[in-house]
Amino acid sequence: MDWLIISLINGVVYGLLLFMVSAGLTLVFGMMGVLNFAHASFYMLGAYFAFLVSTVVGFWGGLLIGPLLVALIGVGVERYLLRPIHHYGHASELLVTFGLAFVFDELVKVFFGQFMVNYSVPASMRFSAFTLFGADYPFYRVFVAIVAVALFTILFAILRFTRMGIVVRAAVQRPAMTDALGHNVDAVFMITFGIGAWMAGVAGAVGGALLTTSPTMALEMSILTFVVVIVGGLGSLGGAFLASLLIGLLTTFAVSINISLLDIGRWLGLGDVLTGLGSIAQVSLSTYASAVPVLVMLIVLLCRPTGLFGDRT
Amino acid sequence: MKKLTITHVSIVSAALMFSTIASAEQLKIAAIETMTGPAASTGIAFLEGKRYAVKKLNEAGGFNGQPIQLVEYDNQGNAATAADKLKVAIRDGAKVVSVSNSSAIAAQISEDVRKWNERNPGKEVVFLNDGAEAFDLTAERCHFYYFKASSNAFMRYKAIVATMKQKGTLGPKVYLIDQNYSYGQEAMAAQREYAKAAGATIVGSDLHDVMKVQDFSPYVTKIKASGAETLLTGNWGNDIVLLLKAIGDAGLKIQIGNQSLDTPGTLSSAGPAAEGAYLAKLYNTEVPGGEAFNADFEKEFGHLPASEQPTSAFAFQLLGNALRSLDLKGGPINATDIALALENASYDTPGGKWSVRKEDHQVLLPVYISQVSTEAKNKHDGTQFGFKLLNVVSPEEAAVPPSPKCDMKRPS
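Rules and cut-offs
- Residues numbered from 1 in each chain as written.
- Chains lettered and ligands numbered in written order.
- Predicted model: local features only at pLDDT ≥ 70, side-chain atom pairs only at ≥ 80, totals over all residues.
- Heavy atoms only, no water.
- Helix = DSSP H or I, 4+ residues; strand = E, 2+ residues; numbered from the N terminus.
- Rg over C-alpha atoms; globule rule 2.2 N^0.38 Å.
- Buried < 20%, exposed > 50% of the residue type's maximum accessible area, 1.4 Å probe, protein only.
- Contact = heavy atoms within 4.5 Å.
- Areas by Shrake-Rupley, 256 points an atom, 1.4 Å probe, with all protein chains shown as cover.
- Lys, Arg positive; Asp, Glu negative; His and termini not counted.
- Charge placed at Lys NZ, Arg CZ, Asp CG, Glu CD.
- Pairing = 2+ DSSP bridges.
- Axes fitted to C-alpha atoms, helices over the stretch in contact; angles between N-to-C directions.
- Buried area = accessible area lost by both parts, 1.4 Å probe.
- Salt bridge = Lys/Arg side-chain N within 4 Å of Asp/Glu carboxyl O.
- Polar contact = N/O pair within 3.5 Å; in protein donor to acceptor, adjacent residues only side chain to side chain.
- Phe/Tyr/Trp six-rings, centres within 6.5 Å; stacked < 30°, edge-to-face > 60°.
- Parallel < 35°, antiparallel > 145°, perpendicular 65-115°, else oblique.
- Left-handed = near helix turned anticlockwise from the far one by under 90°.
- Nonpolar A, V, L, I, M, F, W, Y, C, P; charged D, E, K, R; others polar.
- Expected span 1.5 Å × (residues − 1).

Peer 1: Got a minute to help me understand the overall build of chain A in this structure?
Peer 2: Along the backbone of chain A there are 13 helices and two strands. Computed over C-alpha atoms, the radius of gyration of chain A comes to 21 Å, within 12% of the 20 Å expected from 2.2 N^0.38 for 313 residues, which places it in the range of a compact globule. Across the 313 residues that make up chain A, the buried fraction comes to 52%. Contacts in chain A between residues at least 24 apart in sequence constitute 76% of all its contacts with a sequence separation of at least 6. Summing over all exposed atoms, chain A offers an accessible surface of approximately 14300 Å²; the carbon and sulfur share of this is 72%. The centroid of the 12 positive side-chain charges in chain A is displaced by 10 Å from the centroid of its 12 negative side-chain charges.

Peer 1: Would you explain the overall build of chain B in this entry?
Peer 2: On a plain count of helices and strands, chain B comes out with 13 helices and 15 strands. Here the C-alpha atoms of chain B give a radius of gyration of 21 Å, agreeing with the 22 Å that 2.2 N^0.38 yields for 412 residues. On the principal axes, the C-alpha backbone points of chain B span a range of 70 × 45 × 35 Å. For chain B, the residues scored as buried account for 62% of the 412 residues in total. Residue pairs at least 24 apart in sequence account for 72% of intrachain contacts in chain B once pairs closer than 6 positions are excluded. When the accessible surface of chain B is split by element, carbon and sulfur atoms take 54% of a total near 14900 Å². Separation of charge centres in chain B, based on 42 positive and 44 negative side chains, amounts to 1 Å.

Peer 1: Help me understand the sheet that holds strand β1 (residues 28-33) of chain B, please; the structure alone is not making it clear to me.
Peer 2: Sheet strands pair by backbone hydrogen bonding; their relative direction is either parallel or antiparallel. All names here are of chain B. Pairing within the open sheet is parallel, and its five strands lie in the order β2-β1-β3-β4-β5. Two strands lie at the open edges of the sheet, namely β2 (69-74) and β5 (146-148), each paired on one side alone. Here the average twist between neighbouring strands, direction ignored, is 20°. Both strand β4 (residues 126-129) and β5 contribute to a ladder of three bridges, which runs parallel.

Peer 1: Would you mind going over the interface of chain B and chain A with me for this structure?
Peer 2: With 33 residues of chain B in contact, the opposing surface of chain A contributes 36 residues. At the boundary of chain B with chain A, total buried surface from both sides reaches about 2900 Å², with 53% on carbon and sulfur atoms. By the criterion of area lost to chain A, the three top residues of chain B are Q214, N238 and D249 of chain B, representing 22% of everything that side buries. Our enumeration of links across chain B and chain A arrives at one salt bridge. Applying the counting rule to chain B against chain A returns eleven residue pairs in polar contact (both at pLDDT 80 or more). Listed by contribution, the elements that provide at least two residues to the side of chain B that touches chain A are α2 (40-59), β7 (201-208), α7 (217-226), α8 (238-249) and α9 (266-270) of chain B.

Peer 1: I would appreciate a short explanation of the packing of aromatic side chains in the present structure.
Peer 2: Each aromatic ring pair is described using two quantities: the centre-to-centre distance and the angle formed by the ring planes. Residue and element names in this part refer to chain B. Counted according to the given criterion, the structure contains 33 aromatic pairs over all chains. Here F297 and F301 contribute two aromatic rings whose centre-to-centre distance is 4.8 Å and whose plane-to-plane angle is 35°, an arrangement assigned as tilted. Of the two residues, F297 and F301 both sit in helix α10 (residues 291-301), four residues apart, roughly one turn of that helix. For the pair formed by F297 and F301, the shared burial category is buried. Here the aromatic residues Y52, Y283, F293, F297, F301, F314, Y347, W354 and Y368 are joined through ring pairs into a cluster of three or more.

Peer 1: Explanation requested: the packing of helix α1 (residues 2-32) of chain A against α7 of chain B in the structure shown.
Peer 2: Running from N to C, α1 of chain A and α7 of chain B cross one another at 165°; their axes reach a closest spacing of 10 Å. Classified by the interaxial angle, the pair formed by α1 of chain A and α7 of chain B is roughly antiparallel. α7 of chain B is crossed by α1 of chain A, and the crossing has right-handed handedness. Residues W3, I6, S7 and N10 of chain A of α1 of chain A lie in contact with α7 of chain B, whose contacting residues are S217, P218 and T221 of chain B. Per-class residue counts for the contact of α1 of chain A with α7 of chain B are three nonpolar, four polar and no charged.

Peer 1: Is there a simple way to think about the environment of S268 of chain B in this case?
Peer 2: Mapping S268 of chain B onto the fold places it in helix α9. Separated by 120 residues in sequence, S268 of chain B and K148 of chain B have C-alpha atoms that sit 32 Å apart. Excluding anything up to four places from it in sequence, S268 of chain B contacts N118 of chain A together with D381 and T383 of chain B. Of note is the side chain of S268 of chain B, whose polar atom sits 3.3 Å from the backbone oxygen of G265 of chain B.

Peer 1: Teacher, can you tell me more about the sheet that holds strand β12 (residues 352-356) of chain B here?
Peer 2: Residue and element names in this part refer to chain B. Taken together, the three strands give an open sheet; going across it, the order is β11-β12-β13, and neighbouring strands pair in antiparallel fashion. Of all the strands in the sheet, the pair left with one neighbour each is β11 (346-349) and β13 (363-364). Where β11 and β12 come together, four bridges link them in antiparallel fashion. Pairing of S346 across the sheet is with S355, part of β12.

Peer 1: Any chance you could explain the packing of helix α5 (residues 153-167) of chain B against helix α6 (residues 182-197) of chain B here in plain terms?
Peer 2: Angle between the axes and distance between the axes are the two parameters that describe a pair of packed helices. All names here are of chain B. In contact at an axis separation of 8 Å, α5 and α6 are set at 35° when each is read in the N-to-C sense. Considering the relative orientation of α5 and α6, their crossing is right-handed. Residues A153, F154, Y157, K158 and V161 of α5 touch α6, and the partners they reach there are Y183, E186, A187, A189, A190, Q191, E193, Y194 and A195. A breakdown of the residues in the contact of α5 with α6 according to their chemical character gives ten nonpolar, one polar and three charged.

Peer 1: Help me out: how do you make sense of α8 of chain B in this one?
Peer 2: Every α-helical turn comprises 3.6 residues, leaving residues that sit three or four positions apart pointing alike. All names here are of chain B. Between its first and last C-alpha atoms α8 spans 16 Å; for twelve residues at 1.5 Å apiece the expected length is 16 Å, and the two agree. Judged by how many residues are buried, α8 sits mostly within the fold: ten of twelve residues are covered. Buried within α8 we find N238, D239, I240, V241, L242, L243, L244, K245, A246 and I247. Two residues or fewer after α8 comes G251, characterised by a positive phi angle close to 65°.

Peer 1: Where do I start with the pattern of salt bridges in this structure?
Peer 2: Pairing between side chains of opposite charge can happen when the charged atoms of each approach one another. All names here are of chain B. In the structure shown here, the tally under the stated rule is 25 salt bridges over all chains. Here D84 makes a salt bridge to K87, at a shortest N to O gap of 3.9 Å. Residue D84 and its partner K87 are located together in helix α3 (residues 79-91), separated by three residues, close to a single helical turn. Classification of D84 as partly exposed rests on a relative accessible area of 44%. With relative accessibility at 58%, the residue K87 sits in the exposed group. Ionic contacts of the salt-bridge type, sharing partners, join the residues K55, K56, E59, D296, K299 and E300 into one network.

Given below as structure tokens:
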């Protein structure tokens, strides 16, 4: 049963990393109704900025300052690109962010090159958090989980219990009324978008060191973040949290399952039929592990089109 | 831009040299390579090798009394664009086409060249593949105008496993991880075959999606549980880095064999987990006798030949030797003559002879096995590691027999 517990921990950690990236996306959508296609690019920028800053002031400095730079870019994007076209509706916003994703991709290549850069966990953090069944579990993975949980708690608390959260929620539901009551709705939207970008930046700064920091990292992550947000329900923070864990765990466990269609068929007494299918039936399920998130999304969309916790369609 | 200028200058200066005989047909070689997009880094490495070799050939007198012209086309990393660029190249008068970067693109071009040659007798073109490793292009899809001046997964893993066995680092239990597409599947078949032949047991194997897996720790948990001492993996790009990182994180000590650890960024991102891993490559700058080539290449491009550049450089020198054996006396260039000359061609590289095998047009070549080590002469990627040369597996030992499925129709 060692592998079961280790896989469980691995799945949770991976799920929490996914949550960190997706949280900002679902926040911006839930608050502003903007489906930000450039969100995964903010994740990538977070990793590159953290890498850049860390070469000067060390890993922790990078972790702190990198995401702030991303937040600044996010604020700029909202102020100068999204706000002017806000009146034209969501399709224009969507197209602008879609284009931005390409621009960020190319800019990263221009400044940092085609290859991955050397951004990794500092030696001072390369130790084992605990020993499980004779195997060391790296501290940094635990650290990733802690950061994710802390982010979730802070965000949830701000939105639910603070005055600022009330204003933000009010600005989303009745922007004209909130404006009339003397709140600066434009500023609220700008800050919300900035916070969304900052969260992606934090995920990039933490995740870039755990995984790789390369020009393709945005592309790789963007599908997963959309899957998480859709499964969780667009705009639902709690939904995104649970969907991330679900997808993290399912992907991890799918890798461990060495069963093929043929094995299942034999068990059901259909072995001969499936043997006729040829090699397809013999491919182990673990081969399709990376298709699991998309499969989950498909099932959720079929059964519950608004996602697990969504109230928007 | 600087690199472009070098080629252009060399063409211009060579053109001046040959300007006395202007009437003879000039040989145009089309390089349909990936110069933009995610795979551009590898494509440009191959291009540098081609530019270098063409410059050398022109300095040595060109072909047919004219300098050889290398015309570059960007295939943007996809087979459909490559097919379009092939049409343009043929219209531009290319007699030799070269593609290196991807097996999918090479398969497309090989098929298109075969069809073009069947439909346009007398206007044939030669396809020189100097990088894409797919085995089936020299097996069931082989044809007379296709030449494979590179290795394949079977040659590389035969060499790796042989060296591991010789050095006593091949554990009795071997685990295989590969990407689920043509190359990864061939790599897994090769790893399985040679590890078994060397007396090892395959305790587990995984095929996974290409560049989709973010977290390799579940795979590492499986490897650990299997008790494997050796891991053979054909992964490249992010997939090898993430795998190595996960292995390092889990503190798993395992002997790794791979063919892509020298891609820029790999060693620095993977960190200490890569130390001791074996790499199968078609050149290593540490080879005795390679000093002249290393220095000359560095003079040209400002860095030592690494990664894929030597493959293309040697492949084009091989082509150059084939051309040298032809004397057209300034007459028209015929691709069939070039193909026939290529069949008998060979080129002496610093580490051994490259020669074409007539049966399937696979080039027999030495495979270099090196190890990620702090003792390497040239450090890589800004790390303290480099690739220490362990063994040069001779062309005869590295060769795998031609596939019985190759039924080549030769010109009568």
